[in-house]
Amino acid sequence: MGAFLEILFGGLMTGMLYSLIALGFVLIYKASGVFNFAQGAMVLFAALAMARFAEWIPGLTGLSHPVAVNALAFGLAFLLMIGLAWGIERLVLRHLVNQEGITLLMATLGVTYFLEGLGQSLFGSDIYKIDVGMPKDPIFLFEKTFEGGLLVNKEDLYAALIAAVMVALLALFFQKTATGRALRAVADDHQAAQSIGIPLSTIWVIVWSVAGFVALVAGVIWGSKLGVQFSLSLVALKALPVVILGGLTSVPGAIIGGLVIGVGEKLSEVYIGPHLGGGIEIWFAYVLALLFLLFRPQGMFGEKIIDRV
Amino acid sequence: MSNSDILLNVNGIEVIYNHVILVLKGVSLQVREGSVVALLGGNGAGKTTTLRAVSNLLAGERGAVTKGSIELRGERIDKLSTADLVGRGVIQVMEGRHCFAHLSIEENLLTGAYTRRDGKAAVAATLEKVYNYFPRLRDRRATQAAYTSGGEQQMCAIGRALMAKPKMVLLDEPSMGLAPQIALEVFEIVKDLNQREGVTFLLAEQNTHMALRYADYGYILENGRVVMDGAASLLSENEDVKEFYLGMGGGDRKSFKDVKSYKRRKRWLA
Amino acid sequence: MSSKKIGDIILEVKNISLAFGGVKALTDISFDVREHEIRAIIGPNGAGKSSMLNCINGVYQPQQGEITLRGQHFKHMNSRQVAEMGVARTFQNLALFKGMSVLDNIMTGRSLHMKRNLLWQALRWGPAEREENEQREKVERIIDFLEIQAYRKTPVGRLSYGLQKRVDLGRALAMEPQVLLLDEPMAGMNVEEKQDMCRFILDVNDEFGCTIVLIEHDMGVVMDISDRVVVLDYGKKIGDGTPAEVRRNDDVISAYLGTSH
Amino acid sequence: MFYRENGQFKTSYRADGQIFPIRQDQIAMALLLLIALVGVPLFASEYLFRAILIPFLILSLAALGLNVLVGYCGQISLGTGAFMAVGAYAAYNFHVRIEGMPLIASLLLGGLCSTLVGVLFGIPSLRIKGLYLAVATLAAQFFCDWAFLRIKWFTNDSPSGNVSVSGLQLLGYSIESPVQKYLFCLGFVLVFALLTKNLVRSAIGREWMAMRDMDVAAAVIGIRPVYAKLSAFAVSSFIVGVAGALWGFVHLSSWEPAAFSIDRSFQLLFMVIIGGLGSVMGSFFGAAFIIILPIVLGQIPHWFGIPMQTETASHLEFMIFGALIVFFLIVEPHGIARLWSTAKEKLRLWPFPH
Amino acid sequence: VTEQFFPVLVYRTGAYAPNGTPWANGYVDYLKLVNARGGMNGVKITFEECETGYATDRSVECYERLKGKGATLFQPLSTGATFALTEKAPGDKIPLITAGYGRSESADGGVFKWNFPLLGTYWVAADVLLQHIAKKEGGWDKLKGKKIALVYHDSPYGKEPIPLLQERAKMHGFELQLLPVTAPGVEQKATWLQVRQSKPDYSLLWGWGVMNSTALKEAQATGYPREKMYGVWWAGAEPDVKDVGDGAKGYSAVTIQHGAEPNAKVVQDVLKELHAKGQGTGPKEEVGQVLYMRGLLSAMLGVEGVKRAQERFGKGKHMDGEQVRWGLENLALDQKKLDALGLAGVMRPVSTSCVDHMGSSWARVHSWDGKQWKFSSDWYQADDSLIKPMVRATADKYAADKKLTRRTPEDCQS
Ligand SMILES: Nc1ncnc2c1ncn2[C@@H]1O[C@H](COP(=O)(O)OP(=O)(O)OP(=O)(O)O)[C@@H](O)[C@H]1O
Ligand SMILES: Nc1ncnc2c1ncn2[C@@H]1O[C@H](COP(=O)(O)OP(=O)(O)OP(=O)(O)O)[C@@H](O)[C@H]1O
Ligand SMILES: [Mg+2]
Ligand SMILES: [Mg+2]
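The shown structure was predicted, so the numbers you read here are calculated from the model rather than taken from an experiment.

Q: Talk me through the overall build of chain A; I want residue IDs and the actual numbers.
A: Across its full length, chain A carries 11 helices and two strands. Radius of gyration (C-alpha) of chain A: 20 Å, near the 19 Å computed for a compact globule of 309 residues. If one aligns the C-alpha atoms of chain A with their principal axes, the spans along those axes are about 65 × 60 × 35 Å. Of the roughly 10400 Å² of accessible surface on chain A, a fraction of 70% belongs to carbon and sulfur atoms. Of the charged side chains in chain A, 17 are positive and 19 negative, and the gap between their average positions amounts to 9 Å.

Right under this line is the structure:
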């Protein structure tokens, strides 16, 4: 029982972290109809920036208090992400207004390459450290009830908390504000949105900046977990089943989807895995999502796919 | 026409799609402040293209203006974005409706007010006005636009543009798909806004009867060129226009039943 | 007009009701269509006209009622069956295959008539090639008929709205249907083009013996060419009869025609 | 001036239905074939064969297969790597387990197995669409990756999941030298390209495109979605499977599941999108772009004698590659094939601009 | 001047760059060092790097390209590429050195004429680790009933040690728990929760790249003692522990003879003769680190192979692939030679033969003390009586599949 609870809990925590990355996908998709494959690269880029800035700042400014250094590095990294958003709008999106989804998707793949190259050449391709003071050691709860106690990871707990707050804020933003509505309009039809005076450029810079911010937060959390290096961008692959399970257009879906996938894959790996030889969690997550889609093709909370003549 | 009150001046524009397809071959037209101008012409004549050129919506269709100039109150607007134009009060109602499929009718209408800065109450008032113009929309306000009927979507698209309180509206085939009284209603709205609020209209229309009845001035486009223009009243007296656009060759309206099989289309230009 | 022989009932719609959530798109609609007839459906926007066609077509499944097509009763049909029984249609919001040329679009209309299997097609040799060319010939005739020869190889997405409507009709005609359902085929056309379109419709009706169900908002057209008219309003049938009868019907006048007609 | 179709009248639908109706194109194609069949084998270096031409041919074939699915039928798939793997491992099993199995038969049977798996994973496409489907096909990708690592039977009990083949023979001739391998692959590519071209311009191809463009309307004119979609999955994964088998047998000779990883799937998707969705020619353009460009980019500093660290060079290469993808998409969102045909249209009008 | 071309397949970008870069730097530095000292008996080394990104097909492209430039030996530094190149090398007559990786059965030179898994294979690594554990426990018989988990990279690389571990498990009666981790290994929570649940007495870590540090972090997060974790030599270098810091304290890994060798003479030489003159590759601090040393030693083996060939075919001459192969097959790096190379204390003598392409099966264990890697054991030699028959059986199966015959004694002379 204790073990089951631990796994369940561990799954929930991991799921929250997936949601954080999934959120980036949802955000951009919802606001511009672009499936942003560069999200993983953005996470990497942001984390690299944060890690290296934090490394450089003491030398350059003489600042040494870790909180101050981290805060400054975070701020600078965020500025960089805004710059990036602006650049992407200027050089890429603006020229691809009203093109099909798959073209846009492809463009984001191009951006992915570009960012990976740029990130590594600016910041290096070694392994770097982000230390925002997250505790690494486990705590044990209910040691009376369960033998060996119930293991909970503090780092995960903090990370999940941050993720939850972010998600909640963004969900609110999208819900009823006029800007939220405009973003959804853009996703539906670029041209029509233009025609009624929604400035696509501004909207896109804003959205990509927000997505950059989400990527930065995800990068900091995952980076302090995994170390900052190239593989960080591959974490995005773990977020894809989350996005489709939750629904491409739903912010709450990203959370629930994350939790379901997190729990599902951990439980499957521990309880089914050994019978199949192990290593099943990655495909299990996708199969889970796939099976779910058979019942609801738009995911849990996604907008219904409209086909009407 | 004195230059001062020319709101929109399109000067010999050429439009090319996809780098190779030349569609407009030098179109010039003027729209005076406070007038209603009709743009007539058969299928594929280039009406939609002209409107897109004005509102700068060509890029998304991979088209581009390669020659000529477009001026709004004397200011070149070729380089402005569509959003800038809306900021200057020029808004287009696109052909083929283009409602935001996932948004409800009401949300569609409200996005129309995106550029307005005059407060919630004013927007609510305009919304009320639009609902009064199109009561059918009020019934459907909570339905996602994709699931409304063709005519309802058309009303939604028109209503959405009106929500921006525009000074000039480019209407592309507003009556398409509308039941006759609603179509009539749309033209009444045009007249109403034009007369009471001084809104200028440039409308591409296939319903020539109505268009000429409500317009002050008309341009006839064929094959990417303006082949005739004149005051609406004069145009509707013109024999050619009568025959080809009003279906009244020889005076009377002909029954659609009697169209002759050998009848071929006459063009002013090859 | 007199040359036309109106035959037996070919399509009968009985007590159809259709609702989407709370919205009642159709309530208890019944009418029939006779062979060779031009049957118009009119009504204000949102009355349920297109939904009616969608029901006949198997795109929507009505909650109640029954459709009889050439003597066969259906509660639920899928689109393929309907197509096989010789029903074709055009769409109100263009539903062309955007990425394909005009020719290919119309050729898809022939797919029910093409029998060679995948392997033959891959080899495209002998019978497969012959079949393709035969069908092509039929399609070319339709292209001539609709006067869109010049656009044969143009991707339909590049055509203007009105031309696309014509291609849509062409695709439906290519199916050699017995019943042709037309959803506002003349929207977005000027008078001259409407005349052309009427000519096409009348020709199809006369020469191919096609039965036509037509939705149209241009009363001139409807009154001139249709044999009988059904009037819908808010999902209910409020009138049915010859154009002259319908024009006199008070309900119809107040709901739809207004006083100007 | 030189590129005109004026004066070339088609007197039959048959003539109009040719793959290259314009005479200049026919001549160009014939020349190209001549070069590919005769010129290249005579003059190309071993490096060219092994590192560029053979991978190019095989991946073009895979891209062609994927293009049937994505470009023609509109079903985005990220599981291509998996279907290649199925083809490769199945062909391997036929090859080693059945004594005297002819090479071609092994390869084609590999393709058939891939077809079965493709159809199986294609079934969800009847309900799931667009990006949702794309991500769902990743299930196939990861599942197959896993299965070939885990289930020993597939790898003929090789404990590591790695398998190898050698001593390929075709009708008594061994296929060992780079030229032989090249011609062998070229043969496959030509045959499959022709068959595919035939399919996509026949009824079935139109059905696929109809499903892609507007599935409801397609159903209304009597196209069965089940048949159209599944046949696209079948044809596509057959071709992809054969390509996978060739990749394993001819190019790598020894492979592990990672040879068909998700990166491969992405790479192929790149190819079809950059090359041109819904274009046979585009598959080749795309493959050339994706395979050759990075190699060329990596070599440029060497050619110009610019001293550059490997690291810097490859970061630059990444950046330029990414930027070029974006650039091409901006110039022509429909891929190189469309760019090509626009260029031809312009050429036709030349010297007039329009 | 005569020149000999050395291809350098590297990955300095991508997911495995943190590990690939120091290796490449060490490799290149050694080549430079040899040149700075006048080359191989006067033969200058030219070299060119080719970036593979750890991808097999790019490795093959690099191989073909650099082959065209006259390469006479390759070191692919990736198990996947090794498999693919193993099929190509015989045709091209180019030897492959896979020091510390590649297929374990390729130690059998009778079948794998062109492969040289010098210094040790994964079976050696696994065997030494078990010996170390057995010694800690106080003898092989103490392993009975114990549980050992293998957390491995789910790829041919990670699976290589399994046959040997299974064999040992049968012999000594311990339980082997297999826990695959899907590449690249960024998510291991489930794995380590399983470890926490089953509480193995030891766990072996067979990872590469980010998988290693993630494993250590997850072990910390689930409270599994690092003292009970032992890595393979690709999981025992600075990048694996650097950002884990204190969390990795107590973790050990087997070394392929050498560990971190800041004090070795050759390291001092590199610093003096290259880095001091600004000709070094990569940062100074890296010189002497674990992966750097691995790269350096790998280069050394290649160079020594060429030099050995020169002894037979003519000093000061360019050696072709076939000759280099002979050199590698007849390596005789005794202690004296090693001392002369500045490798005293870094490694033990190596001598290869026609049948034994591995040359040495000695290894040590080192542990991370929070700041650096320190040796924590004496030398072990893998148990030949166990490994040799396994190598032979597996190689025979390979030969049968490929319809190859074993090399004859005459062939061995060639
Ligand atoms: N995106 C496009 N790409 C290429 N050609 C186009 C495109 N849009 C329109 N065209 C071509 O431009 C010409 C003019 O089209 P336009 O849509 O302006 O006509 P229109 O006057 O609005 O006709 P309709 O009344 O049918 O809407 C047509 O011949 C059409 O084929
Ligand atoms: N799929 C659907 N989901 C929800 N409501 C629908 C759906 N299809 C149609 N409706 C509703 O049913 C009603 C009838 O629609 P329909 O399209 O049949 O109208 P119509 O008579 O064709 O009108 P128009 O003349 O404007 O085309 C509309 O109010 C519409 O909102
Ligand atoms: Mg138009
Ligand atoms: Mg309708």
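Q: I'd like a description of the side chain of Thr14(A), backed by residues and values.
A: Among the structural elements, Thr14(A) can be located in helix α1 (residues 2-32). Discounting chain neighbours no more than four positions away, the residues touching Thr14(A) are Lys266(A), Glu187(E) and Lys189(E).

Q: Can you explain the interface of chain C and chain D? Please cite residues and give values.
A: Facing the 36 residues of chain C at the interface are 31 residues of chain D. With both chains or domains summed, chain C and chain D bury close to 2900 Å², and 60% of this area falls on carbon and sulfur atoms. Considering only the surface of chain C that becomes buried against chain D, Leu118(C), Gln121(C) and Arg124(C) emerge as the three largest contributors, covering 20% of it. With a shortest N-O distance of 3.0 Å, Glu132(C) and Arg206(D) are connected by a salt bridge. At the surface where chain C touches chain D, the tally comes to 10 residue pairs in polar contact (both at pLDDT 80 or more). When residues of the side of chain C that touches chain D are traced back to their parent elements, those giving at least two are α2 (79-84), α3 (102-108), α4 (118-123) and α5 (127-146) of chain C. For the side of chain C that touches chain D, a count of residues per class yields 15 nonpolar, eight polar and 13 charged.

Q: Tell me about the arrangement of the chains, and name the residues and values.
A: Contacts are most numerous between chains A and D, taken over all eight pairs of chains that touch. There is a gap between chain B and chain E: no contact, and a shortest C-alpha distance of 36 Å. There is no contact between chain C and chain E; across them, the least C-alpha separation is 32 Å.

Q: So what's going on with the coordination of the magnesium ion (ligand 4)? Which residues, and what values?
A: All names here are of chain C. For the magnesium ion (ligand 4), the full set of protein donor atoms is Ser50 (OG) and Gln92 (OE1), and the range of their distances to it is 1.9 to 2.1 Å. Of this pair, Ser50 sits in helix α1 (residues 49-57) while Gln92 sits in the loop between β6 (87-89) and α3, and the two are 42 residues apart along the sequence. Residues Ser50 and Gln92 agree in their burial class; the two are buried.

Q: Tell me what's going on with the interface of chain D and chain A, and back it up with residues and numbers.
A: Of the residues lining the interface, 40 residues belong to chain D; the matching set on chain A comes to 53 residues. In this assembly, chain D packs against chain A so that about 4100 Å² is buried in total across both faces, 81% of it on carbon and sulfur atoms. Here chain D and chain A share zero salt bridges between them. Across the chain D-chain A interface, the total number found is seven residue pairs in polar contact (both at pLDDT 80 or more). Only α6 (130-150), α9 (215-220), α11 (262-275) and α13 (310-331) of chain D provide two or more residues apiece to the side of chain D that touches chain A.

Q: Would you mind going over the UniProt feature "transmembrane region" (unreviewed entry) in chain A in detail, with residue names and values included?
A: Within this structure's numbering, the places UniProt gives as "transmembrane region" (unreviewed entry) are residues 7-29, 35-55, 67-88, 157-175, 196-222, 242-264 and 276-295 of chain A. For residues 67-88 of chain A, helix accounts for 100% and strand for 0%, while the C-alpha atoms at its two ends are 31 Å apart.

Q: A description of the pairing of strand β1 (residues 3-10) of chain E should follow, citing residues and the corresponding values.
A: Side-chain positions along a regular strand alternate between the two faces of the sheet. All names here are of chain E. Counted residue by residue, β1 has seven buried out of eight residues, so it is predominantly covered. Relative to strand β2 (residues 44-51), β1 is paired through eight bridges, and the arrangement is parallel. Looking across to β2, one finds that Pro7 is bridged to Glu48. Traced from β1 through helix α1 (residues 17-36) to β2, the parallel crossover comes out right-handed.

Q: Explain the coordination of the magnesium ion (ligand 3) to me, using residue names and the numbers behind them.
A: All names here are of chain B. Protein-derived ligands of the magnesium ion (ligand 3) are Thr48 (OG1) and Glu95 (OE), with the metal-ligand distances lying across 1.8 to 2.3 Å. Of this pair, Thr48 sits in helix α1 (residues 47-55) while Glu95 is found in the loop between β6 (90-93) and α3 (105-112), placing the two residues 47 residues apart along the sequence. By the burial criterion, Thr48 is buried, and Glu95 matches it.

Q: Account for the site of ligand 1, naming residues and giving values.
A: Around ligand 1, the structure places 21 residues, and the nearest of them are Lys47(B), Thr48(B), Thr49(B), Glu95(B) and Arg158(C). Around ligand 1 the close residues trace back to chains B and C. The side chain of Thr49(B) places a nitrogen or oxygen atom 2.4 Å from an oxygen atom of ligand 1. In this structure, an oxygen atom belonging to ligand 1 sits 2.7 Å away from a side-chain N or O atom of Glu95(B). Protein contact buries 92% of the 630 Å² of open area that ligand 1 shows by itself. A per-element tally of the shell around ligand 1 places α1(B) first, with four residues. Residue classes in the shell around ligand 1 are distributed as six nonpolar, nine polar and six charged.

Q: Got a sec to walk through the nonpolar core? Specific residues and values, please.
A: If you look at the biggest cluster of nonpolar residues, it comprises 460 residues, and the most contacted ones within it are Trp208(D), Trp255(D) and Trp234(E). If you tally residues by element for this core, the top one is helix α3 (residues 46-72) of chain D, at 16 residues.

Q: Quick one: what's the story with the pairing of strand β2 (residues 23-34) of chain C, residue by residue and with numbers?
A: Residue and element names in this part refer to chain C. Here strand β1 (residues 9-20) runs beside β2; their pairing, made up of eight bridges, is antiparallel. Bridging across to β2, Leu11 finds its partner in Val33. In sequence, β1 turns back onto β2 through a hairpin of two residues, with Gly21 there showing a positive phi of about 55°.

Q: Tell me about the site of ligand 2, and please be specific about residues and values.
A: Near ligand 2, the surroundings consist of 22 residues, among which Ser149(B), Gly151(B), Lys49(C), Ser50(C) and Ser51(C) are the closest. More than one chain approaches ligand 2, the contributing ones being chains A, B and C. Interatomic distance of 2.9 Å between a backbone N/O atom of Tyr147(B) and an oxygen atom of ligand 2. One of the side-chain N or O atoms of Asn45(C) is found 2.9 Å from an oxygen atom in ligand 2. Burial of ligand 2 by the protein chains amounts to 96% of its free accessible area of 640 Å². Where the shell around ligand 2 is concerned, the elements lending two or more residues are α6 (150-162) of chain B together with α1 of chain C.

Q: Give a description of the sheet that holds strand β10 (residues 236-241) of chain C that names residues and reports values.
A: All names here are of chain C. Read across the open sheet, the six strands follow the order β6-β7-β8-β3-β9-β10; overall the sheet is mixed. Single-partner strands in this sheet number two, and they are β6 and β10. Averaged over all neighbouring strand pairs, the angle between strand axes comes to 15°, with direction disregarded. The pairing of strand β3 (residues 38-42) with strand β9 (residues 228-233) spans four bridges and is parallel. The partner of Ile42 across the bridge, within β9, is Val231. Each of β6 and β7 (179-183) is contacted by helix α6 (residues 161-174), which is oriented at about 165° to β7, the strand it contacts most.

Q: Summarise the packing of aromatic side chains; cite the residues concerned and give the values.
A: What characterises a pair of aromatic rings is the spacing of the ring centres plus the angle enclosed by the ring planes. By the definition in use, this model includes 52 aromatic pairs over all chains. A centroid spacing of 5.0 Å and a plane angle of 70° characterise the contact between Phe20(C) and Tyr60(C), whose relative ring orientation is edge-to-face. Here Phe20(C) is found in strand β1, whereas its partner Tyr60(C) is found in the loop between α1 and β4 (64-69), with 40 residues between them in sequence. Exposure remark for Tyr60(C): the relative accessible area of 14% places this residue in the buried category. Put simply, the rings of Tyr113(A), Phe270(D), Phe289(D), Phe318(D), Phe321(D), Phe327(D) and Phe328(D) pair up and form one aromatic cluster.

Q: Go over unusual backbone geometry with me, naming the residues and quoting the values.
A: Along the chain, Ala183(E) connects to Pro184(E) via a cis peptide bond; the corresponding omega equals 0°. Non-glycine residue Glu176(C) carries a positive phi angle of around 50°. The residue Glu176(C) is located in the loop between α6 and β7 in this model. A relative accessible area of 46% places Glu176(C) in the partly exposed class.

Q: Let's hear about the confidence of the model for chain C: which residues, and what values?
A: In low-pLDDT segments, the atomic positions of the prediction should not be examined closely. Taken over all residues, the pLDDT of chain C has a mean of 87, while the share at 70 or more is 97%. Both scores are given for the predicted complex: the pTM is 0.92, the ipTM 0.91.

Analysis parameters
- Residues numbered from 1 in each chain as written.
- Chains lettered and ligands numbered in written order.
- Predicted model: local features only at pLDDT ≥ 70, side-chain atom pairs only at ≥ 80, totals over all residues.
- Heavy atoms only, no water.
- Helix = DSSP H or I, 4+ residues; strand = E, 2+ residues; numbered from the N terminus.
- Rg over C-alpha atoms; globule rule 2.2 N^0.38 Å.
- Areas by Shrake-Rupley, 256 points an atom, 1.4 Å probe, with all protein chains shown as cover.
- Lys, Arg positive; Asp, Glu negative; His and termini not counted.
- Charge placed at Lys NZ, Arg CZ, Asp CG, Glu CD.
- Contact = heavy atoms within 4.5 Å.
- Buried area = accessible area lost by both parts, 1.4 Å probe.
- Salt bridge = Lys/Arg side-chain N within 4 Å of Asp/Glu carboxyl O.
- Polar contact = N/O pair within 3.5 Å; in protein donor to acceptor, adjacent residues only side chain to side chain.
- Nonpolar A, V, L, I, M, F, W, Y, C, P; charged D, E, K, R; others polar.
- Donors = N, O, S within 2.8 Å, 3.2 Å for Na, K, Ca; no water.
- Buried < 20%, exposed > 50% of the residue type's maximum accessible area, 1.4 Å probe, protein only.
- UniProt positions renumbered as here; feature names shortened; annotations may be inferred.
- Pairing = 2+ DSSP bridges.
- Right-handed = clockwise from strand over helix to strand, strands pointing away.
- Near = heavy atom within 4 Å.
- Core = buried A, V, L, I, M, F, W, Y, C linked by side-chain atoms within 4.5 Å.
- Axes fitted to C-alpha atoms, helices over the stretch in contact; angles between N-to-C directions.
- Phe/Tyr/Trp six-rings, centres within 6.5 Å; stacked < 30°, edge-to-face > 60°.
- pLDDT = per-residue confidence, 0-100.

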